Amino acid sequence: GQQLNQSPQSMFIQEGEDVSMNCTSSSIFNTWLWYKQDPGEGPVLLIALYKAGELTSNGRLTAQFGITRKDSFLNISASIPSDVGIYFCAGLEYGNKLVFGAGTILRVKS
Amino acid sequence: EAGVVQSPRYKIIEKKQPVAFWCNPISGHNTLYWYRQNLGQGPELLIRYENEEAVDDSQLPKDRFSAERLKGVDSTLKIQPAELGDSAVYLCASSLDALWRTQYFGPGTRLLVL
């Protein structure tokens, strides 16, 4: 099936730094979702975006739905050790099919 | 409230053997999903149930995979016979309705086919 292009593939940052990751697609989506997956667990929803241009925050996390509907980004401010994990973007295509990116692995040095 | 329960958590089998995974969704959730997650990739939908009806099984390899949700509650995903390429994590998720933002994932079953 179709995959989203998510970047970067991995990041190794210092505690306290800000993090930015993004997702692009050749298809238009009507919903963008961002998930976090810890080792041995299933993905957990962080933020959902429903309108082009929408900017939504959840604590230190901020995500935006691109105005072209073909991209989204996630920012994490002032990273802490528990931010470690794999972050996935997912786009909802017309017809209710959810497509996931390959993930961004985040590692934090304390 | 209990989350999505999956068993077993890990399974190692030899190729050509059958294997089955079980999922119990969150109580009251009528929509259930099975995903496969290959190493280094995001989850890919295999099948979606609304109550006991499979409403999207377009990505399910029907020659060897089967699924059932007989009473609209728990569900079983089966592979027979398993192939080496079936090694992956099989995730179950459920939602109150077909609104994707309310999906809750289980911990997954990690399958290794030797």
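All figures in this text were calculated on a predicted structure; none of them were measured in a lab.

Regarding the nonpolar core
(1) Moving on: Counting 22 residues, the largest nonpolar core has A:W32, A:W34, A:L74 and A:L106 as the members making the most contacts within it.
(2) Moving on: Ranked by size, the runner-up nonpolar core spans 21 residues in total, among them B:W34, B:Y49, B:I79 and B:Y90.

Here we look at the packing of aromatic side chains
(1) Moving on: Under the counting rule described, the total for this entry stands at 10 aromatic pairs over all chains.
(2) Moving on: For the ring pair B:F21 and B:Y90, a centre distance of 4.8 Å and an interplane angle of 25° mean the geometry is stacked. In this pair, B:F21 is assigned in strand β3 (residues 19-24) and B:Y90 in strand β9 (residues 88-95), connecting sequence segments 69 residues apart.
(3) Moving on: Look at B:Y90 and you get buried, because its relative accessible area is 0%.
(4) Moving on: Three or more aromatic residues joined by ring pairs make a cluster, and in this case those are A:Y35, A:F88, A:F100, B:Y33, B:Y35 and B:F105.
(5) Moving on: Positioned over the ring face of A:F12 is A:K109, at 5.2 Å from the centre of the ring.

Concerning the pairing of strand β5 (residues 44-49) of chain A
All names here are of chain A.
(1) Moving on: Across 5 bridges, strand β4 (residues 31-37) lies against β5 in antiparallel orientation. Within β5, the residue paired with W32 across the bridge is L49.
(2) Moving on: The antiparallel hairpin formed by β4 and β5 contains 6 residues in its connecting segment, where G40 sits at a positive phi of about 75°.

Things to note about the state of the cysteines
(1) Moving on: On inspection of all chains with the given rule, the structure shows 2 disulfides over all chains.
(2) Moving on: Two residues share a disulfide in this structure: A:C23 and A:C89, whose sulfurs sit 1.7 Å from each other. One end of the pair, A:C23, is in strand β3 (residues 19-24); the other, A:C89, is in strand β9 (residues 85-93), with 66 residues separating them in the sequence. Judged on exposure class, the residue A:C23 and its partner A:C89 are both buried.
(3) Moving on: A disulfide bridge connects B:C23 with B:C92, and the sulfur atoms are separated by 1.9 Å. Looking down the S-S bond of the B:C23 and B:C92 bridge, the torsion is -70°, so its handedness is left-handed. One end of the pair, B:C23, is in strand β3; the other, B:C92, is in strand β9, with 69 residues separating them in the sequence.
(4) Moving on: For B:C23, a relative accessible area of 0% gives the class buried.
(5) Moving on: Since its relative accessible area comes to 0%, B:C92 is described here as buried.

Scoring rules and cut-offs
- Residues numbered from 1 in each chain as written.
- Chains lettered and ligands numbered in written order.
- Predicted model: local features only at pLDDT ≥ 70, side-chain atom pairs only at ≥ 80, totals over all residues.
- Heavy atoms only, no water.
- Core = buried A, V, L, I, M, F, W, Y, C linked by side-chain atoms within 4.5 Å.
- Buried < 20%, exposed > 50% of the residue type's maximum accessible area, 1.4 Å probe, protein only.
- Phe/Tyr/Trp six-rings, centres within 6.5 Å; stacked < 30°, edge-to-face > 60°.
- Helix = DSSP H or I, 4+ residues; strand = E, 2+ residues; numbered from the N terminus.
- Lys NZ or Arg CZ within 6 Å of the ring centre and 35° of its normal.
- Pairing = 2+ DSSP bridges.
- Disulfide = S-S within 2.5 Å.

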